[in-house]
Amino acid sequence: MKLLDLTLPTPAENLALDEALLEEADAGTGPERVLRLWESPEMAVILGRSCRFRDEVHGDACSAAGVPVLRRPSGGGTVVIGPGCLMYTVLLPYAEHPRLAMIEVAHEFVLSRVRSAVTKLAADVAIRGTSDLALADRKFSGNSLRCKRAHLLYHGTLMYDFPLEAVARWLAPPPREPEYRAGRSHGDFIRNLPVDPVRLRAALADAWEAREPLEAWPRELTQRLVADRYTREEWTKRL
(Lines give C-alpha, C1' and ligand atoms only; values in the text may rest on other atoms or scores of the structure.)
Protein backbone atom coordinates (compact mmCIF):
# COMPACT_ATOMS: atom_id res chain seq x y z
CA MET A 1 0.00 0.00 0.00
CA LYS A 2 1.16 3.54 -0.79
CA LEU A 3 1.69 5.98 2.09
CA LEU A 4 0.90 9.67 1.70
CA ASP A 5 1.74 11.60 4.86
CA LEU A 6 0.73 15.02 3.59
CA THR A 7 -1.15 17.98 5.02
CA LEU A 8 -2.06 20.78 2.62
CA PRO A 9 -2.38 24.41 3.79
CA THR A 10 -6.18 24.65 4.06
CA PRO A 11 -9.07 22.41 5.15
CA ALA A 12 -10.64 22.78 1.70
CA GLU A 13 -7.50 21.49 -0.01
CA ASN A 14 -7.24 18.57 2.39
CA LEU A 15 -10.84 17.48 1.80
CA ALA A 16 -10.38 17.89 -1.93
CA LEU A 17 -7.26 15.73 -1.95
CA ASP A 18 -9.14 12.82 -0.38
CA GLU A 19 -11.77 13.01 -3.10
CA ALA A 20 -9.15 13.46 -5.82
CA LEU A 21 -7.39 10.26 -4.74
CA LEU A 22 -10.69 8.39 -5.01
CA GLU A 23 -11.62 9.89 -8.39
CA GLU A 24 -8.24 9.11 -9.95
CA ALA A 25 -8.24 5.54 -8.63
CA ASP A 26 -11.72 4.93 -10.02
CA ALA A 27 -10.69 6.41 -13.37
CA GLY A 28 -7.68 4.09 -13.49
CA THR A 29 -5.18 6.97 -13.43
CA GLY A 30 -4.03 6.79 -9.81
CA PRO A 31 -2.93 4.25 -7.20
CA GLU A 32 -5.62 1.88 -5.95
CA ARG A 33 -4.37 1.30 -2.40
CA VAL A 34 -3.39 4.35 -0.34
CA LEU A 35 -3.12 5.28 3.31
CA ARG A 36 -3.06 9.04 3.79
CA LEU A 37 -2.31 10.76 7.10
CA TRP A 38 -2.85 14.46 7.73
CA GLU A 39 -3.70 16.98 10.45
CA SER A 40 -5.50 20.23 9.75
CA PRO A 41 -3.37 23.25 10.67
CA GLU A 42 -6.49 25.22 11.59
CA MET A 43 -9.83 24.52 13.23
CA ALA A 44 -12.71 23.72 10.88
CA VAL A 45 -16.22 22.29 11.00
CA ILE A 46 -16.84 19.51 8.49
CA LEU A 47 -20.38 18.51 7.53
CA GLY A 48 -21.15 15.02 6.29
CA ARG A 49 -22.55 14.78 2.78
CA SER A 50 -26.18 14.69 3.96
CA CYS A 51 -25.93 16.82 7.11
CA ARG A 52 -28.05 19.97 7.44
CA PHE A 53 -26.04 23.10 8.15
CA ARG A 54 -28.85 24.90 9.97
CA ASP A 55 -29.56 21.92 12.25
CA GLU A 56 -26.04 20.89 13.20
CA VAL A 57 -23.78 23.96 13.20
CA HIS A 58 -23.70 27.07 15.40
CA GLY A 59 -23.13 29.22 12.34
CA ASP A 60 -22.88 32.58 14.16
CA ALA A 61 -20.30 31.21 16.60
CA CYS A 62 -18.22 29.81 13.74
CA SER A 63 -18.36 33.10 11.87
CA ALA A 64 -17.38 35.08 14.95
CA ALA A 65 -14.39 32.80 15.56
CA GLY A 66 -13.36 32.72 11.90
CA VAL A 67 -13.83 28.96 11.78
CA PRO A 68 -14.57 27.72 8.24
CA VAL A 69 -17.46 25.34 7.65
CA LEU A 70 -17.06 22.84 4.81
CA ARG A 71 -18.82 19.75 3.50
CA ARG A 72 -17.08 16.47 2.67
CA PRO A 73 -18.24 14.00 0.00
CA SER A 74 -18.68 11.09 2.43
CA GLY A 75 -21.55 10.33 4.81
CA GLY A 76 -21.57 10.39 8.59
CA GLY A 77 -22.07 13.21 11.05
CA THR A 78 -20.61 16.68 11.44
CA VAL A 79 -17.18 16.92 13.11
CA VAL A 80 -14.71 19.56 14.23
CA ILE A 81 -11.10 19.08 13.16
CA GLY A 82 -7.85 20.91 13.81
CA PRO A 83 -4.52 20.59 15.60
CA GLY A 84 -4.55 17.63 17.95
CA CYS A 85 -6.80 15.56 15.70
CA LEU A 86 -5.02 13.16 13.35
CA MET A 87 -6.93 12.39 10.15
CA TYR A 88 -6.50 9.16 8.24
CA THR A 89 -7.75 8.12 4.81
CA VAL A 90 -7.79 4.60 3.36
CA LEU A 91 -8.37 3.93 -0.34
CA LEU A 92 -9.13 0.31 -1.31
CA PRO A 93 -10.24 -1.48 -4.51
CA TYR A 94 -13.25 -3.80 -4.53
CA ALA A 95 -11.31 -6.13 -6.83
CA GLU A 96 -9.23 -7.23 -3.83
CA HIS A 97 -12.08 -7.12 -1.32
CA PRO A 98 -15.44 -7.48 -3.14
CA ARG A 99 -17.52 -7.46 0.06
CA LEU A 100 -16.35 -3.92 0.87
CA ALA A 101 -19.16 -2.71 -1.37
CA MET A 102 -21.42 -3.61 1.57
CA ILE A 103 -21.36 -0.69 4.00
CA GLU A 104 -21.50 -2.77 7.19
CA VAL A 105 -18.61 -4.93 5.97
CA ALA A 106 -16.57 -1.86 5.04
CA HIS A 107 -16.99 -0.35 8.51
CA GLU A 108 -15.99 -3.60 10.21
CA PHE A 109 -13.02 -4.22 7.90
CA VAL A 110 -11.43 -0.79 8.22
CA LEU A 111 -12.25 -0.10 11.86
CA SER A 112 -10.92 -3.49 12.94
CA ARG A 113 -7.61 -2.65 11.31
CA VAL A 114 -7.49 0.84 12.82
CA ARG A 115 -8.48 -0.55 16.22
CA SER A 116 -5.65 -3.08 16.06
CA ALA A 117 -3.19 -0.24 15.40
CA VAL A 118 -4.52 1.91 18.23
CA THR A 119 -4.65 -1.00 20.67
CA LYS A 120 -0.86 -1.25 20.48
CA LEU A 121 -0.77 2.16 22.16
CA ALA A 122 -3.91 2.19 24.35
CA ALA A 123 -5.82 -0.77 25.79
CA ASP A 124 -9.58 -1.39 25.81
CA VAL A 125 -10.38 0.40 22.56
CA ALA A 126 -13.76 -0.69 21.18
CA ILE A 127 -15.81 -0.26 18.01
CA ARG A 128 -19.08 1.37 19.04
CA GLY A 129 -22.19 2.49 17.21
CA THR A 130 -22.07 2.40 13.44
CA SER A 131 -18.57 3.75 12.94
CA ASP A 132 -17.02 5.06 16.15
CA LEU A 133 -13.96 4.07 18.12
CA ALA A 134 -14.22 4.59 21.86
CA LEU A 135 -12.16 4.25 25.01
CA ALA A 136 -14.01 3.66 28.30
CA ASP A 137 -17.27 4.26 26.42
CA ARG A 138 -16.25 7.73 25.25
CA LYS A 139 -15.70 8.46 21.58
CA PHE A 140 -12.32 9.58 20.25
CA SER A 141 -12.79 8.64 16.59
CA GLY A 142 -15.60 9.22 14.08
CA ASN A 143 -15.49 7.69 10.62
CA SER A 144 -17.26 7.80 7.28
CA LEU A 145 -17.04 6.37 3.79
CA ARG A 146 -17.72 7.02 0.13
CA CYS A 147 -18.35 4.22 -2.35
CA LYS A 148 -17.56 4.57 -6.03
CA ARG A 149 -17.82 2.10 -8.91
CA ALA A 150 -14.63 0.21 -8.15
CA HIS A 151 -13.13 1.75 -5.00
CA LEU A 152 -13.88 2.60 -1.40
CA LEU A 153 -12.75 5.77 0.35
CA TYR A 154 -12.81 5.43 4.13
CA HIS A 155 -11.63 8.23 6.39
CA GLY A 156 -11.87 9.35 9.98
CA THR A 157 -10.66 11.33 12.96
CA LEU A 158 -8.38 10.32 15.82
CA MET A 159 -8.38 12.92 18.59
CA TYR A 160 -5.25 12.76 20.74
CA ASP A 161 -4.73 16.33 22.01
CA PHE A 162 -7.78 18.17 20.73
CA PRO A 163 -9.48 21.10 22.52
CA LEU A 164 -12.68 19.22 23.22
CA GLU A 165 -14.58 22.29 24.39
CA ALA A 166 -14.55 23.55 20.78
CA VAL A 167 -17.03 20.88 19.74
CA ALA A 168 -19.87 22.17 21.94
CA ARG A 169 -19.00 25.74 20.99
CA TRP A 170 -19.52 25.15 17.28
CA LEU A 171 -21.81 22.12 16.99
CA ALA A 172 -25.38 21.59 18.10
CA PRO A 173 -26.35 18.22 19.58
CA PRO A 174 -26.56 15.75 16.69
CA PRO A 175 -30.02 14.98 15.28
CA ARG A 176 -29.09 11.28 15.26
CA GLU A 177 -26.91 9.58 17.82
CA PRO A 178 -25.74 6.04 18.55
CA GLU A 179 -27.49 4.23 21.37
CA TYR A 180 -24.34 4.10 23.48
CA ARG A 181 -24.20 7.92 23.62
CA ALA A 182 -27.30 7.76 25.86
CA GLY A 183 -28.11 11.45 25.48
CA ARG A 184 -24.75 12.67 26.77
CA SER A 185 -23.54 16.16 25.92
CA HIS A 186 -20.54 16.63 23.63
CA GLY A 187 -18.30 17.22 26.63
CA ASP A 188 -19.42 14.07 28.41
CA PHE A 189 -19.31 11.90 25.30
CA ILE A 190 -15.98 12.63 23.59
CA ARG A 191 -12.38 12.34 24.78
CA ASN A 192 -8.80 12.35 23.58
CA LEU A 193 -6.85 9.16 23.05
CA PRO A 194 -3.74 9.38 25.30
CA VAL A 195 -1.12 8.51 22.69
CA ASP A 196 1.90 10.09 21.04
CA PRO A 197 0.97 11.22 17.50
CA VAL A 198 4.28 10.07 16.00
CA ARG A 199 3.75 6.57 17.38
CA LEU A 200 0.11 6.68 16.24
CA ARG A 201 1.14 7.49 12.67
CA ALA A 202 3.68 4.65 12.71
CA ALA A 203 1.15 2.17 14.11
CA LEU A 204 -1.37 3.00 11.39
CA ALA A 205 1.24 2.64 8.66
CA ASP A 206 2.29 -0.75 10.08
CA ALA A 207 -1.31 -1.97 10.37
CA TRP A 208 -1.97 -1.20 6.71
CA GLU A 209 1.49 -2.26 5.54
CA ALA A 210 1.84 1.17 3.96
CA ARG A 211 5.56 1.51 3.40
CA GLU A 212 6.02 2.93 -0.10
CA PRO A 213 5.76 6.74 -0.23
CA LEU A 214 3.31 8.15 -2.76
CA GLU A 215 5.32 10.79 -4.59
CA ALA A 216 2.87 11.84 -7.32
CA TRP A 217 -0.46 12.92 -5.87
CA PRO A 218 -3.27 14.57 -7.89
CA ARG A 219 -2.40 18.24 -7.59
CA GLU A 220 -4.41 19.56 -10.51
CA LEU A 221 -7.59 17.66 -9.67
CA THR A 222 -7.31 18.72 -6.04
CA GLN A 223 -7.20 22.39 -6.98
CA ARG A 224 -10.06 21.96 -9.43
CA LEU A 225 -12.22 20.38 -6.74
CA VAL A 226 -11.33 23.21 -4.34
CA ALA A 227 -12.52 25.79 -6.86
CA ASP A 228 -15.58 23.90 -8.09
CA ARG A 229 -16.85 22.54 -4.77
CA TYR A 230 -15.04 23.00 -1.48
CA THR A 231 -14.89 26.80 -1.45
CA ARG A 232 -18.42 27.29 -2.77
CA GLU A 233 -21.14 28.17 -0.28
CA GLU A 234 -23.81 26.54 -2.42
CA TRP A 235 -22.07 23.20 -1.84
CA THR A 236 -21.48 23.72 1.87
CA LYS A 237 -24.96 25.02 2.70
CA ARG A 238 -26.94 23.06 0.12
CA LEU A 239 -28.98 21.34 2.87
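Preceding this paragraph is the structure being described.
Residues numbered from 1 in each chain as written. Predicted model: local features only at pLDDT ≥ 70, side-chain atom pairs only at ≥ 80, totals over all residues. Heavy atoms only, no water.

**Student:** Mind showing me how you'd approach helix H7 (residues 197–207) here?
**Tutor:** Owing to its 3.6 residues per turn, the α-helix brings residues three or four apart onto one side. Buried within H7 are the following residues: Leu200, Ala203, Leu204, Ala205 and Ala207. Among the structural elements, strand S1 (2–5), strand S2 (34–38), strand S6 (85–93), helix H4 (103–119) and strand S10 (151–159) are those in contact with the buried residues of H7. In this structure Asp196 caps H7, since a side-chain oxygen of it lies 3.1 Å from the backbone nitrogen of Val198. Of the residues flanking the end of H7, it is Glu209, one or two places downstream, whose phi is positive at about 55°. (Buried < 20%, exposed > 50% of the residue type's maximum accessible area, 1.4 Å probe, protein only. Helix = DSSP H or I, 4+ residues; strand = E, 2+ residues; numbered from the N terminus. Contact = heavy atoms within 4.5 Å. Polar contact = N/O pair within 3.5 Å; in protein donor to acceptor, adjacent residues only side chain to side chain.)

**Student:** How do you make sense of the nonpolar core when you look at a structure like this?
**Tutor:** Here is a general trend for soluble globular proteins: nonpolar side chains tend to be buried in one another's company. Grouped together as the largest cluster of nonpolar side chains are 37 residues, with contacts concentrated most on Val45, Val57, Val80 and Trp170. Where this core is concerned, the elements lending two or more residues are helix H1 (11–27), strand S3 (44–47), strand S4 (69–71), strand S5 (79–81), S6, helix H5 (165–170) and helix H8 (219–230). In this structure Trp170 touches Met43, Val45, Glu56, Val57, His58, Ala61, Cys62, Ala65, Val67 and Val80, once residues within four positions along its chain are discounted. The next biggest cluster of nonpolar side chains, apart from the first, holds 35 residues, and it includes Tyr88, Leu133, Tyr160 and Trp208. (Core = buried A, V, L, I, M, F, W, Y, C linked by side-chain atoms within 4.5 Å.)

**Student:** Explain the packing of aromatic side chains here, please?
**Tutor:** Centre-to-centre distance and the angle between the planes together describe a pair of aromatic rings. All chains considered together, the criterion is met by two aromatic pairs. Taking the centre distance of 6.3 Å and the plane angle of 55° together, the rings of Phe109 and Trp208 count as tilted. In this pair, Phe109 is assigned in helix H4 and Trp208 in the loop between H7 and strand S11 (212–213), connecting sequence segments 99 residues apart. Ring geometry for Tyr180 versus Phe189: centroids 5.2 Å apart, planes at 55°, classification tilted. A relative accessible area of 9% means that Tyr180 is categorised as buried. Residue class for Phe189 comes out buried when judged on its relative accessible area of 2%. Over the face of the ring belonging to Trp208 we find Arg113, whose NZ or CZ atom lies 4.5 Å from the ring centre. Sitting above the plane of the Trp170 ring, Arg169 keeps its charged end 5.3 Å from the centroid. (Phe/Tyr/Trp six-rings, centres within 6.5 Å; stacked < 30°, edge-to-face > 60°. Lys NZ or Arg CZ within 6 Å of the ring centre and 35° of its normal.)

**Student:** Looking at this structure, how should I read the sheet that holds S1?
**Tutor:** Paired through their backbone hydrogen bonds, the strands of a sheet run either parallel or antiparallel. Spatially, the eight strands line up as an open sheet ordered S7-S8-S9-S10-S6-S2-S1-S11, and their pairing is mixed. For this open sheet the edge positions go to strand S7 (125–128) and S11, each flanked by a neighbour on one side alone. In the sheet, strand S9 (residues 138–147) pairs with S10 via five bridges, with the strands oriented antiparallel. Along S10, the bridge assignment pairs Asn143 with Gly156. The strands that H1 touches are S1, S2, S6, S9 and S10; relative to S10, the one it contacts most, it runs at about 155°. Packed on one face of the sheet, H4 meets S6, S7, strand S8 (132–135), S9 and S10 and runs near 165° to S7. (Pairing = 2+ DSSP bridges. Axes fitted to C-alpha atoms, helices over the stretch in contact; angles between N-to-C directions.)

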